[in-house]
Amino acid sequence: MRAAGVAWVRQAASTTLSGLVSSRAAGPDFLRALAILLVMLWHLPRPATPAMLEGLKQYGWTGVDLFFVLSGYLIGTQLLAKVARGQKVNFRDFYLKRALRILPAFFVVLAVYVFLPALRENPTMQAPWRFLTFTMNFGLDYRATGGFTQAWSLCVEEHFYLVFPVLVLLLSRLRWGGWTLVLACGVLLGGMLLRAALWEDAMSAPLADNATASLAPAYLEAIYYPTYCRLDGLLFGALLAAFKAFKPDLWRRYADPRWTLVAGMVAIALAVLVFHYPATPGFRGPTLTLVGAVFGYPLLALGCACVLAASLEWERAFGAWRVPGAGTIAILSYSIYLTHKLSSHATELLFGKESMNGVGGFALYFVSSIAVGAVLWAAVERPFLLIRDRMLPPARATNT
């Protein structure tokens, strides 16, 4: 027992960040890094935003949708690959993995928000129990409770983690495999119809009153944040995992990165056009419209899934080459996501609000956010991942 413990400590000490990067898939890591950088750009203070990035900043929120597709694929692969091999879903292992991966860092950051309110980017936030039960994304009005609002997407993913293994178990016991496509179509079309209905219900008052200032909060609360409206990315990611697990021959034949990347970029371009339709005179960037709410999210999810499919065949196009720094940012992405608003506000408190201006503010924002994320990863996230890997058989433990 003592020898095993010593060996584990040595393994932990010798597992460097660069070693972890080299052991991971380059393509998905590039997309994960891109996703967190987009989210950070979205939350970048406007005075620190370079003019050349103003256009891209308007779409920084799409990083969350890319995260959803990546999560759907990751969780789908973990569960569906076993089913495809005739193995049973081990609920204990799955939920234990997710708990040790997600909860420790989340609890630490939540504690900072609760017990050190001066560090919050917004003085108000929802009650702690809403975060602990992962229900804070329902009825979320960022004007009234604006602290730690980025946790809304974590709530969506936690709901997915809770339900998806049960669905996999039920579908694996059905004789007709077509039920999977029936369910997928139901989720996709149901989400589109639900967003249309919610638009008519929630957005009628702001539109009737021409209250443009209240349009965004009403849209976000009714359509953008709730789990039942944001399943498109998770669905397409899970379908991609199912295709690769159950149709490996077709995957090898059709998952050519040359056309999947093109198809993905076309779908993303169509999503951008949809989010701009109908255009608002004198307004740049995506607009809050019924067409965008209904069709934009599934098109964006489809595009991200095709790009992810291309990235899974990274070696076909790029061999062993990796985008410098992408693997490191990908590993730190969860910790960065949790802390980047805190670190931005703490930087302003430390150096003054004027520090977040211009190119210097841009560099300071990204450097400080990545540095704080790295501290959380090293102090909390990574130790619990090592505990997870020690508790679970190596074949079933991952670094993601």
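Note that the coordinates shown come from a computational prediction; the quantities given were computed from them, not determined experimentally.

(A) Molecular detail of the overall build of the protein chain. Regarding its fold elements, the protein chain presents 18 helices and 0 strands. Expressed as a percentage of the 400 residues in the protein chain, the buried residues total 49%. Here the analysis covers contacts within the protein chain between residues at least 6 apart in sequence; of these, 75% occur between residues at least 24 apart. For the protein chain, the computed accessible surface area is about 19,100 Å², with 70% contributed by carbon and sulfur atoms.

(B) Structural detail: the pattern of salt bridges. What the rule picks out here adds up to 10 salt bridges. Between Glu 381 and Arg 101 there is a salt bridge, and its shortest N-O distance comes to 2.7 Å. With a gap of 280 residues between them, Glu 381 in helix H18 (residues 358-391) and Arg 101 in helix H6 (residues 91-115) connect regions that are remote in the sequence. Considered together, Glu 381 and Arg 101 belong to a single accessibility category, that of buried residues.

(C) Summary view of the nonpolar core. Phe 106, Phe 148, Trp 152, Tyr 219 and Leu 338 are the most contacted members of the largest nonpolar core, which has 94 residues in total. In terms of residues, this core owes the most to one element, helix H5 (residues 62-84), which gives 12 residues. Not counting residues up to four positions away in its chain, the partners in contact with Phe 106 are Phe 131, Phe 134, Phe 148, Ala 151, Leu 154, Tyr 334 and Leu 338.

(D) Fine view of helix H8 (residues 151-172). Its 22 residues place the ends of H8 32 Å apart at the C-alpha level, agreeing with the 32 Å of an ideal helix rising 1.5 Å per residue. Within H8, the axis deviates most sharply at Val 163, by approximately 30°, and proline Pro 165 lies no more than four positions further along.

(E) Examining the packing of aromatic side chains more closely. If you walk through the whole model with that rule in mind, you get 25 aromatic pairs. Summarising the aromatic geometry, the rings of Phe 94 and Tyr 95 are spaced 5.3 Å apart at their centres and angled 75° between planes, so their arrangement reads as edge-to-face. Relative accessible area serves as the criterion here: at 4%, Phe 94 is assigned to the buried category. The partly exposed category is assigned to Tyr 95, whose relative accessible area is 29%.

(F) Broad picture of the side chain of Ser 368. Among the structural elements, Ser 368 can be located in helix H18. One polar contact links the side chain of Ser 368 to the main-chain carbonyl oxygen of Leu 364, over a distance of 2.6 Å. Those residues within four positions of Ser 368 in sequence are excluded, and the remaining contacts are Ser 343 and Thr 347.

(G) Inspection of the environment of Ala 263 at higher detail. Assignment of secondary structure puts Ala 263 in helix H14 (residues 257-275). Spatially, the C-alpha atom of Ala 263 lies 9.8 Å from that of Cys 304, the residues being 41 residues apart in sequence.

(H) Spatial organisation of helix H12 (residues 232-246). Over its 15 residues, H12 runs 21 Å from end to end, which matches the ideal 21 Å to within 8%, given 1.5 Å per residue. Buried residues of H12: Asp 232, Gly 233, Leu 234, Leu 235, Phe 236, Gly 237, Ala 238, Leu 240, Ala 241 and Ala 242, and no others. Looking at the buried positions of H12, the neighbouring elements they touch are H5, H8, helix H9 (178-202), helix H13 (248-254) and helix H15 (290-312).

(I) Inspection of a nonpolar patch on the surface at higher detail. Residues Leu 162, Val 163, Val 166, Leu 167, Leu 170, Leu 183, Val 187 and Leu 231 make up a contiguous nonpolar surface patch of about 590 Å² in total accessible area. Every element with two or more residues in the nonpolar patch is listed here: H8 and H9. Among the elements that line the nonpolar patch, the one with the most residues is H8, at 5 residues. Its location among the elements puts Val 166 in helix H8.

(J) Representation of the packing of H5 against H12 within the structure. Between H5 and H12, the shortest axis-to-axis distance is 7 Å and the interhelical angle comes to 35°. The chirality of how H5 crosses H12 is right-handed. In this structure, H5 contributes Phe 68, Val 69, Ser 71, Gly 72, Tyr 73, Gly 76, Thr 77, Leu 80, Ala 81, Val 83 and Ala 84 to the contact, and H12 contributes Gly 233, Leu 234, Gly 237, Ala 238, Leu 240, Ala 241, Ala 242, Lys 244, Ala 245 and Phe 246. Partitioned by chemical class, the residues of the contact of H5 with H12 number 14 nonpolar, 6 polar and 1 charged.

(K) Structural view of unusual backbone geometry. For Phe 134, which is not a glycine, the phi torsion comes out positive at approximately 55°. Mapped onto the fold, Phe 134 is located in the loop between helix H7 (128-132) and H8. Despite not being glycine, Phe 148 shows a phi value in the positive range, around 60°. The residue Phe 148 is located in the loop between H7 and H8 in this model. With a relative accessible area of 0%, Phe 148 lands in the buried category.

(L) Looking closely at the confidence of the model for the protein chain. This prediction gives the protein chain a mean pLDDT of 89; 88% of its residues lie at or above 70. This stretch, residues 3-14, has a pLDDT under 50; its non-local contacts, to residues over four places away or in other chains, come to 5 contacts. Under a pLDDT of 50 for its full length, residues 395-399 has, in the predicted model, 15 contacts with residues more than four places off or in other chains.

(M) Here's a closer look at the side chain of His 340. Mapped onto the elements of the fold, His 340 is located in helix H17 (residues 326-351). Excluding its chain neighbours within four sequence positions, the residues that come into contact with His 340 are Val 39, Met 40, His 43, Tyr 365 and Ser 369.

(N) Spatial organisation of the packing of H9 against H12. Two elements in contact, H9 and H12, have axes separated by 10 Å at closest approach and are oriented at 165°. Of the possible angle classes, the one that applies to H9 and H12 is roughly antiparallel. Of the two elements, H9 crosses H12, and the hand of that crossing is left-handed. Within the contact between the two elements, H9 uses Ala 184, Val 187, Leu 188 and Arg 195 and H12 uses Asp 232, Leu 235, Phe 236 and Leu 239. Residues of the contact of H9 with H12, tallied by class, amount to 6 nonpolar, no polar and 2 charged.

Procedures and definitions
- Residues numbered from 1 in each chain as written.
- Predicted model: local features only at pLDDT ≥ 70, side-chain atom pairs only at ≥ 80, totals over all residues.
- Heavy atoms only, no water.
- Helix = DSSP H or I, 4+ residues; strand = E, 2+ residues; numbered from the N terminus.
- Buried < 20%, exposed > 50% of the residue type's maximum accessible area, 1.4 Å probe, protein only.
- Contact = heavy atoms within 4.5 Å.
- Areas by Shrake-Rupley, 256 points an atom, 1.4 Å probe, with all protein chains shown as cover.
- Salt bridge = Lys/Arg side-chain N within 4 Å of Asp/Glu carboxyl O.
- Core = buried A, V, L, I, M, F, W, Y, C linked by side-chain atoms within 4.5 Å.
- Expected span 1.5 Å × (residues − 1).
- Bend = angle between axes of the 7 residues up to and from the residue.
- Phe/Tyr/Trp six-rings, centres within 6.5 Å; stacked < 30°, edge-to-face > 60°.
- Polar contact = N/O pair within 3.5 Å; in protein donor to acceptor, adjacent residues only side chain to side chain.
- Patch = residues over 30% accessible without salt bridge, like charges linked within 9 Å, V, L, I, M, F, W, Y side chains within 5 Å.
- Axes fitted to C-alpha atoms, helices over the stretch in contact; angles between N-to-C directions.
- Left-handed = near helix turned anticlockwise from the far one by under 90°.
- Nonpolar A, V, L, I, M, F, W, Y, C, P; charged D, E, K, R; others polar.
- pLDDT = per-residue confidence, 0-100.
- Parallel < 35°, antiparallel > 145°, perpendicular 65-115°, else oblique.

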